[in-house]
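Examination of the molecular architecture
The lines below spell out each chain.
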Amino acid sequence: MASTNKDVSVWQFIALSDFNRPTETVSREAVTNLRSYLRALGRKVDSQAQPISKTQEELQTLPDRLFERAVRTPEWGEMGVRGLEDALDLWLEAETDKAGIQVIVHGPFDGVAQSVELLAHRRDWHVVPIPSTEKLFGGGVAWQQDILPPDGGRWVIPRLERSYLRHYSGLNQVRRLVERIWQSGSAGLITCESWAWAYLNEAIQISSFFPTPITLSPFGVPRLSLWLERMAQRTFGHRFVFRSAASGKEIFLPTAVAIECLQKDEDSKEASLENNQRSSYLRSLAVASRGNPGIAWAIWRASLYLAADEDLDAVRAGIDQAHAETEAQESGDQETDEDSEPVVKEKARAAARLDKGLTVWIRQWDDLELPRLPANAHTVEAFILHALLIHGGLPHRLLSDLLPLQPGALLSGMRRLQAVGIVHESIESLWRVTPAAYPAVRSFLSREGYLLDPL
Amino acid sequence: MDQCQEVETLADLLRNLEEINLPLIALVVVAGYLTNVLIERGLPWLSDRLPSRFRLYILPLGPVLRLIVFLVGFGLIIPEIINVGCISPQNVLAILGAAAVALGFAFKDLISSIIAGVVTIFEMPYRAGDWVEIDGDYGEVTQVGLRAVKILTPDDTVITIPHQKLWDQNIANSNDGRREHMVVADFYLEPRHEAAQVRQLLWDVAMTSPFTHLSRNVIVVLSEKPWGTHYRLKAYPIDGRDEFQFRSDLTVRGKKALSELGVAAASVPIYALGDEASL
C-alpha cells in the first residue's frame, strides 16, 4: 500500500464517459458567476490591454535556482507513461489482430500526447506520418496511402487534432483517414485533444467509429496536492512550505490524507475535512483548471508570490539558516486564524515562523491576475480562439485562410489577444491559447454559444 | 353624493379645475416619460453587457415594463381628473354610449392598434430580437411599442408597423425568441454533375464555417428543374444577427468548392425565377 508521495501514481485514466470535472460548491459558483456579470456590467468598452500578471516580475526577486526548485517544470512525457501503460494493459497484452484501436481524448496542455509519443518510442511502434497543416490545406488524400505498418504492427497517431483542418477539403481528408484506419482491423492508438474530438464528433461522427475513448482522470484536490508538492524539490536539505498569503494556512494536504482520498476516489468530501486546517486554494485551482494538470500548473506558477524585499530577506535568512543547519523547535498544532484580513503578512509570518524550510506565499485566489479577454471581445476573438482550440494551434497564415475575416481585422484581433496574454506563438510557430488564459477563454466561448469540449 | 346624482355626461364626472392637482399630474407624466426612456435605453445596454444568451430574454421585457409604467401612471392620474366616487355602471354606460360612436370613427385604427399591442404582449407573435416578416418587410424587431412595432431591415432602414396588422396579416417569425434561426443559401447548378458528391460537399461547406451552430442540423435539399438542379443549404448560425454574414460565407466558400470540383452554375431563365422557395 502506498504510503509516501513518490509511491502514488496520480496519472490514471478513465473512460471519457466517466469524466467528472472538479466542481465548486453551489454558493461559491453563484458568487463567481455574479462577479463575472458585475465585472461585465462595469466594463469600459475600450481596447486597452489589461496588464499581464506581475507575479513573474515579483518572482524574479527570488533567485532563479530557487524558483525552479519551488515549481519545477514537469517532464510531461515521462510523468504519464506509467499510468498510460496501466490503463492500456489489456490492449497491450492482446494480439495485434485482436487489440483494435484505442482512442485517448485529453485536454490541451496536459502532457498526454507527449506520454503517448514517449511510449511509442520506447516500444518501437510505428508513428503515422501526418503532413504539415500547410500541406493539409492543399487537399488530396494521396498521403494516406500506406500510412499503416505493412507488417500489421502497432501504430500510433499521437495528435489527431493536427491531421485535419476545418475546411471542406480538410474534412474530407480526415473522414477518409478515419474510415481507412477503422477498416484496417489493425492495433492502433490514437490521441486527440478534446476540442478537436468535440468538433469531429459533430462533423464526421467520429465517436461512432471509436465509441469507448479513455481520458486522464481529473486532477482534484488530493491529486493536485500530491503532484504539486512532488514538483517542489527539496533544497539544501529542507522542503518548501507553501502557505496562503492571506490566512497563513498551508496549501497542501497531509500526504497520508491525500493518498487516502485518492485511493478512495473521494475528492471533495474527505478533503473538505481538512479545510479548516488548510487553505481552500487547491479547491479553487482544481475547479478553475477543470482537472487539467497543465492548466493547474500554469496557474500555480502565477500564484507564487514574493512581495517585497522583506520577503526576500526572509528567504535569504532561510537559506542561511539551511546552510547553518539550524533546527527549528517542534511545534504542536499550528495556530490558524479564521479571519481573513486585507494584509495578513504578519499573521501569515507568525504561522510560518516555525516552518522547517523555505516558505513560499501563495496569492489569495480572488487576487490572482490571470489573463482576461478584452472588454469588447466578440465575434473576431471568438473565431480566432475557437479555431486555435479545435486545431490544437495554427500558424498565422492558415488562420487567415480558415477564417472569414479581413486580414486587418484578424491581425488586430490577434494582437489584442496577445497583448493580454490570451494567445502566444509557440516554438513550433503555432499560435496557441496560453494555459493560464484557458479558463477565461473557455468561459468566453461558452457564453458566446460555441461548441465546447467534453472535459 | 348629491353631485354624483347629477352625472349625465363625461364632463359631469370631471373635477373642478381648482380641485385637480396639476403639479402631481405633471410629475407623473415626466416620471413616466423618463422611466420609458430608461427602459428603452437600459435594456439594450444591459443585453450587450451580459452574455449573449441572455439577450433574447432581456429585450422582450421592454413592452411589458412600458405597459406597467403606463398603467401605473394612468392609475395615478385618473383619480386626479375624474371624481371616481361618482362612477357607477349606469353612469359609465350612459356616458360612453353617447361618446362611443363619435370616438369610434375618429380613433378606430389607433384603438385597434393599441388593443393589438396589448395582445402581442401576451401572445408574443414577435418580440425584440426576433427576425420577422410582416406585409413583405423583413428585419429584426428593435422595439415593440404600444401602438406599433419597429423593425430594422438588412439595409439599415427602420420600418414602423402598426400592431393592427396582427389581425389580418401573416407574421413570419424566423427565431421566435431563440438566439439562432435557420439560414438558407441557394445554389443553382448545371444538371450534369454527381449530385451525391455535391450534396456532401455543400454539407462540408456548412460544417466548416465558423459561424455555424454545430449542434443544430445542417440539411442540404435539392430539386431538379428543367434548367438544372437547385440546391438549398440550410444551417443555423450561432448568433442569428450574423444571418447575412453567414449566408455570404456559405455562398463564397460553396461557390469556390463547387468550382474546384468542376461543377458549373446553371443558366436560369428569368421566367423560372420565383419558385425557388418551394423547397
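Before reading further, recall that the structure is shown in the block above.
Here's a quick rundown of the structure. (Residues numbered from 1 in each chain as written. Chains lettered and ligands numbered in written order. Predicted model: local features only at pLDDT ≥ 70, side-chain atom pairs only at ≥ 80, totals over all residues. Heavy atoms only, no water.)

When helices and strands are counted, chain B shows nine helices and eight strands. Going through the 279 residues of chain B one by one, you find that 42% of them count as buried. Here the analysis covers contacts within chain B between residues at least 6 apart in sequence; of these, 69% occur between residues at least 24 apart. When the accessible area of chain B is evaluated, it comes to approximately 15500 Å², of which 61% is carbon and sulfur surface. (Helix = DSSP H or I, 4+ residues; strand = E, 2+ residues; numbered from the N terminus. Buried < 20%, exposed > 50% of the residue type's maximum accessible area, 1.4 Å probe, protein only. Contact = heavy atoms within 4.5 Å. Areas by Shrake-Rupley, 256 points an atom, 1.4 Å probe, with all protein chains shown as cover.)

Residues and elements named next belong to chain A. Interhelical geometry of helix 4 (residues 76-87) versus helix 7 (residues 112-123) gives an angle of 75 degrees and a closest axis separation of 7 Å. On the basis of their axis angle, the class for helix 4 and helix 7 is roughly perpendicular. For the pair formed by helix 4 and helix 7, the contact residues are W76, G77, E78, G80, V81, L84 and E85 on the first element and Q114, S115, V116, L118, L119, R122 and R123 on the second. (Axes fitted to C-alpha atoms, helices over the stretch in contact; angles between N-to-C directions. Parallel < 35°, antiparallel > 145°, perpendicular 65-115°, else oblique.)

Moving on to the interface of chain B and chain A. With 29 residues of chain B at the interface, the matching set in chain A holds 27 residues. Interface area, chain B with chain A, both sides summed: about 2300 Å², of which 59% is carbon and sulfur. For the pair chain B and chain A, the interface holds one salt bridge. The salt bridge partner of A:R175 is B:D204, with a shortest N-O separation of 2.8 Å. The interface formed by chain B and chain A includes three residue pairs in polar contact (both at pLDDT 80 or more). Listing elements by their share of the side of chain B that touches chain A, those giving two or more residues are helix 3 (22-49), helix 8 (195-207) and helix 9 (243-261) of chain B. (Buried area = accessible area lost by both parts, 1.4 Å probe. Salt bridge = Lys/Arg side-chain N within 4 Å of Asp/Glu carboxyl O. Polar contact = N/O pair within 3.5 Å; in protein donor to acceptor, adjacent residues only side chain to side chain.)

Let's shift gears to the pattern of salt bridges. Side chains carrying opposite charge are able to pair once their charged atoms draw close together. All names here are of chain A. Applying the stated criterion across every chain yields a total of 18 salt bridges over all chains. A salt bridge links R159 to E117; its shortest N-O distance comes to 3.2 Å. Taken together, the positions of R159 in the loop between strand 4 (155-157) and helix 9 (168-184) and E117 in helix 7 put the pair 42 residues apart, joining distant regions of the chain. The exposure class assigned to E117 is partly exposed, which follows from its relative accessible area of 33%.

Residues and elements named next belong to chain B. Judged by pairing direction, the sheet is antiparallel, and its three strands sit side by side in the order 6-8-7 without closing on themselves. Each having just a single partner strand, strand 6 (183-189) and strand 7 (219-225) make up the two edges of the open sheet. Adjacent strand axes in the sheet meet at a mean angle of 20 degrees, parallel and antiparallel pairs treated alike. Alignment of strand 7 against strand 8 (residues 228-235), held across seven bridges, turns out to be antiparallel. (Pairing = 2+ DSSP bridges.)

This next bit is on the nonpolar core. Residue and element names in this part refer to chain A. Ranked by size, the top nonpolar core spans 147 residues in total, and within it W227, F242, Y281, W300 and I384 carry the most contacts. Looking at this core element by element, the count peaks at nine residues for helix 19 (residues 379-391). With residues up to four places along the chain from it excluded, the contact list for Y281 reads I251, I299, W300, S303, I362, R363, W365 and L368. (Core = buried A, V, L, I, M, F, W, Y, C linked by side-chain atoms within 4.5 Å.)

With that settled, consider the packing of aromatic side chains. A full pass over the atoms with the stated rule returns 23 aromatic pairs over all chains. Ring plane angle 90 degrees and centroid distance 5.9 Å describe the contact between A:W11 and A:W227, whose orientation is recorded as edge-to-face. Of this pair, A:W11 sits in the segment before strand 1 (13-15) while A:W227 sits in helix 12 (residues 221-231), placing them 216 residues apart in sequence. The class for A:W11 is buried, based on a relative accessible area of 4%. Relative to B:F74, the ring of B:F70 has its centre 6.0 Å away and its plane inclined at 25 degrees; by these criteria the two rings are stacked. Of the two residues, B:F70 and B:F74 both sit in helix 5 (residues 61-81), four residues apart, roughly one turn of that helix. (Phe/Tyr/Trp six-rings, centres within 6.5 Å; stacked < 30°, edge-to-face > 60°.)

This next bit is on unusual backbone geometry. Positioned with a positive phi, A:R290 is a non-glycine residue whose angle comes to about 60 degrees. For A:R290, the location among the structural elements is in the loop between helix 15 (281-289) and helix 16 (293-303). Here B:M124, not a glycine, exhibits a phi torsion of approximately 55 degrees, which is positive. Relative to the helices and strands, B:M124 is located in the loop between helix 6 (89-123) and strand 1 (131-134). For B:M124, a relative accessible area of 29% gives the class partly exposed.

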